[in-house]
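Summary of structural features
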Amino acid sequence: MIAPRVQEAAVRLPRLPAYVYDLPTLDAHVAAVRRALGATELYYAVKANPDAGLLRVLAGHVDGFEVSSAGEHAHVTGLFPGMPVALGGPGKTDAELRLPHHRLHVESPYELRRLLDTGLEADVLLRLNPGLPVEGAALTMGGPFGMDAAGVAECLPLFTDRVRLRGLHAHLASGLSAPQLLGLAEALLGDGAYEEVNLGGGMAVSYASPGERFDWAAYGAGLDALRRGRLLRVEPGRALTAYCGSYVTRVVDVKRVHGQAYAVVLGGTHHLRTPVTKGHDQPFVVLPTGAGPGVTDEPVTVVGQLCTPKDVFARNIGTSVRVGDTVVFAMAGAYAWNISHHDFLMHPKPAFHHLTS
Ligand SMILES: *Cc1c(COP(=O)(O)O)cnc(C)c1O
């Protein structure tokens, strides 16, 4: 679950907590995804993790970046001038509508009218919210995102030779398997009216089974079968970068309260909010660097330093742990540091390390 190079680095870090990004693992993973997708274009959804070290590795493999704000746009175009950028996101400001892009994902008829008012050229994908039932998704992106068939119909007559309709964009849900995503793709691509379709992200990542991977080969082959001459694009976030990040910390207390064993670690979910937002146990390993009091082979709940009962990384995981041990949380490379409430309680920020070999 944790690469040997990460474990070796973890026990030698001068300051904890720390994030460790394993760049060779990311490089190999994204290269394999790229190969599996064949003719389907691959963009990375920057909101999953905008860390520049990760983006530099990704830039060697992806066809472009999907950004959802002026901030992400400035970050990515500053790092990679000339790299294709797809700009999406609800509630774009006039300044955002004026940003240069390879594709602009328009969210509503009113947004399209405001885009036309800029007088600038634009290449547009209309973001469709088809209201398809999505079974088994971790999160569905219905609600306010994109537009329904009536919204699309309202947009179609508005295009000009300067503001061009290139196709559709649909990011429908997250946490889906390859067969589930292919089922949605088939329903979307059905009538074949659009030359270009961005099918979004949402490829499943299983925190409960860290060894499992989304079946990129089946997905790539399935999209090939559906393509029929169209340009297809996907824009995953989590399934590209989740696996390359670890959050490394140290046990500062081990205790039993009303029979329950707790390990208290430096830092907390203000650095790694993922287990709280997703409601899962963050997978981890304990490296035996400690000599303090501890417990042996029993269910332990691992908590951080925040003064809230919500600051829980994992509940009742069978393990041995003692004060001074190093805890390495796996799968902390996406929606981890960058979605966390860093300033709550004013503890020090973690260090960041990028392993290159
Ligand atoms: C968040 C998002 C993605 C990436 O989703 P993942 O679940 O991280 O793959 C892609 N496209 C859009 C429009 C998004 O909002």
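Residues numbered from 1 in each chain as written. Predicted model: local features only at pLDDT ≥ 70, side-chain atom pairs only at ≥ 80, totals over all residues. Heavy atoms only, no water.

Heads up, the rule is: UniProt positions are given in the numbering used here, feature names are shortened, and annotations may be inferred rather than shown by experiment.
Going by an unreviewed UniProt entry, the protein carries the name Type III PLP-dependent enzyme and comes from Nonomuraea salmonea. Among the UniProt annotations of the protein, the heading Sequence similarities (unreviewed entry) holds the following wording: "Belongs to the Orn/Lys/Arg decarboxylase class-II family." The Cofactor (unreviewed entry) field of the UniProt record for the protein holds the comment "pyridoxal 5'-phosphate".

1. A few points about the packing of aromatic side chains
Two numbers describe a pair of aromatic rings. These are the distance of the centres and the angle of the planes. Inclusion rule: Only rings of Phe, Tyr and Trp enter the pairing, Trp through its six-membered ring, and a pair is recorded when the two centres are within 6.5 Å. The plane angle decides the type: under 30 degrees is stacked, over 60 is edge-to-face, the rest tilted. Secondary structure is summarised from DSSP: a helix means a run of H or I of at least four residues, a strand means a run of E of at least two, and numbering begins at the N terminus for each. Exposure categories follow from relative accessible area, calculated using a 1.4 Å probe and restricted to protein chains: below 20% of the type maximum is buried, above 50% is exposed, and the middle band is partly exposed. For a lysine, the NZ atom is tested; for an arginine, the CZ atom; a charge sits over a ring if that atom is within 6 Å of the ring centre and within 35 degrees of the ring normal.
Applying the stated criterion across every chain, the model contains 15 aromatic pairs. Their ring planes at 70° and their centres at 5.4 Å tell us that Trp337 and Phe352 sit as a pair that is edge-to-face. Taken together, the positions of Trp337 in the loop between strand S17 (326-329) and strand S18 (351-355) and Phe352 in strand S18 put the pair 15 residues apart, joining distant regions of the chain. Since its relative accessible area comes to 17%, Trp337 is described here as buried. Over the face of the ring belonging to Tyr243 we find Arg213, whose NZ or CZ atom lies 3.5 Å from the ring centre. Looking at Arg233, its charged tip hangs above the ring of Tyr43, at a distance of 4.9 Å from the centre.

2. A short note on the site of the ligand
Put simply, the rule reads: Here a residue is considered near a molecule or strand provided that any single heavy atom belonging to it is located within 4 Å of it. The term polar contact refers here to a pair of N or O atoms within 3.5 Å; inside protein, the definition further demands a hydrogen-donor-capable atom paired with an acceptor-capable atom, and it admits residues adjacent in sequence only when both atoms are side-chain atoms. Note that Gly is not counted as nonpolar here; it falls among the polar residues with everything else outside the nonpolar set of Ala, Val, Leu, Ile, Met, Phe, Trp, Tyr, Cys and Pro and the charged set of Asp, Glu, Lys and Arg.
Neighbouring residues of the ligand: 13 residues in total, closest Lys47, Gly202, Glu235, Arg238 and Tyr335. Here an oxygen atom of the ligand sits 2.8 Å away from a polar atom, N or O, in the side chain of Lys47. Split into classes, the residues belonging to the shell around the ligand amount to three nonpolar, six polar and four charged.

3. Examining the side chain of Arg238
In plain terms, the rule: None of His or the chain ends enter the tally, which takes Lys and Arg as positive and Asp and Glu as negative. A pair is scored as a salt bridge if a Lys or Arg side-chain nitrogen falls within 4 Å of a carboxyl oxygen belonging to Asp or Glu.
Here Arg238 lies in helix H10 (residues 238-241). Despite being buried, Arg238 has no salt bridge partner; Glu66 is the closest side chain of opposite charge, sitting 13 Å away.

4. Considerations on unusual backbone geometry
Cis geometry is adopted by the peptide bond preceding Pro17, which originates at Leu16 and carries an omega value of 0°. Its place among the elements puts Pro17 in the loop between helix H1 (4-10) and strand S1 (18-22). In the Ramachandran plot, Tyr335 falls in the positive-phi region, its phi being about 50° despite a non-glycine side chain. Note on placement: Tyr335 falls in the loop between S17 and S18. The phi dihedral of Leu345 is positive, around 80°, even though this residue is not glycine. Within the element layout of this structure, Leu345 appears in the loop between S17 and S18.

5. Some points on the pattern of salt bridges
Inspection of the entire model under this criterion finds 15 salt bridges. We note a salt bridge from Arg34 to Asp63, for which the minimum N-O separation is 2.5 Å. Note that Arg34 is positioned in helix H2 (residues 23-37) and Asp63 in the loop between helix H3 (52-59) and strand S3 (64-67), a separation of 29 residues in sequence. One salt bridge in this structure joins Arg127 and Glu107, with 2.9 Å as the shortest N-O distance. Of this pair, Arg127 sits in strand S6 (residues 122-127) while Glu107 sits in the loop between strand S5 (103-106) and helix H6 (109-118), placing them 20 residues apart in sequence. On the basis of relative accessibility, which here comes to 6%, the residue Arg127 falls in the buried class. Taking the relative accessible area as the measure of exposure, Glu107 reaches 6% and is therefore buried.

6. Observations concerning the sheet that holds strand S2 (residues 41-45)
Two pairing modes exist for strands in a sheet, parallel and antiparallel, and in both the strands are linked by backbone hydrogen bonds. Condition: Two strands pair under a simple rule: DSSP has to find at least two bridges between them. The convention used is that axes are lines fitted to C-alpha atoms, helices contributing only their stretch in contact, and that angles between N-to-C directions extend from 0 to 180 degrees. By definition in these notes, contact holds between two residues if any of their heavy atoms fall within 4.5 Å.
With respect to topology, eight strands assemble into a closed barrel ordered S2-S3-S4-S5-S6-S8-S10-S11, the strand pairing being parallel. Pairs of neighbouring strands in the sheet enclose a mean axial angle of 30°, with direction left out of account. Strands in contact with helix H4 (residues 70-79) are S3 and strand S4 (85-87); relative to S3, the strand with the most contacts, it is inclined by about 160°.

7. Notes on H3
In terms of residue burial, H3 counts as a mostly covered element, since six of its eight residues are buried. Regarding H3, its N-cap is Asp51, as a side-chain oxygen of that residue lies 2.9 Å from the backbone nitrogen of Gly53 further along.

8. What about H2?
We count it as follows: To estimate how far a helix should reach, multiply one less than its number of residues by 1.5 Å.
The end-to-end C-alpha separation of H2 is 21 Å, in line with the 21 Å expected for 15 residues at 1.5 Å each. At the C-terminal side of H2, Gly38 shows a positive phi close to 55°.

9. Overview of the pairing of S6
Of all six residues making up S6, six are buried, and the element is well covered by its neighbours. With burial as the criterion, each face of S6 is covered, one bearing Ala122, Val124 and Leu126 and the other bearing Asp123, Leu125 and Arg127. Pairing of S5 with S6 involves three bridges; the strand directions are parallel. Within the sheet, the bridge partner assigned to Val106 lies in S6 and is Leu126.

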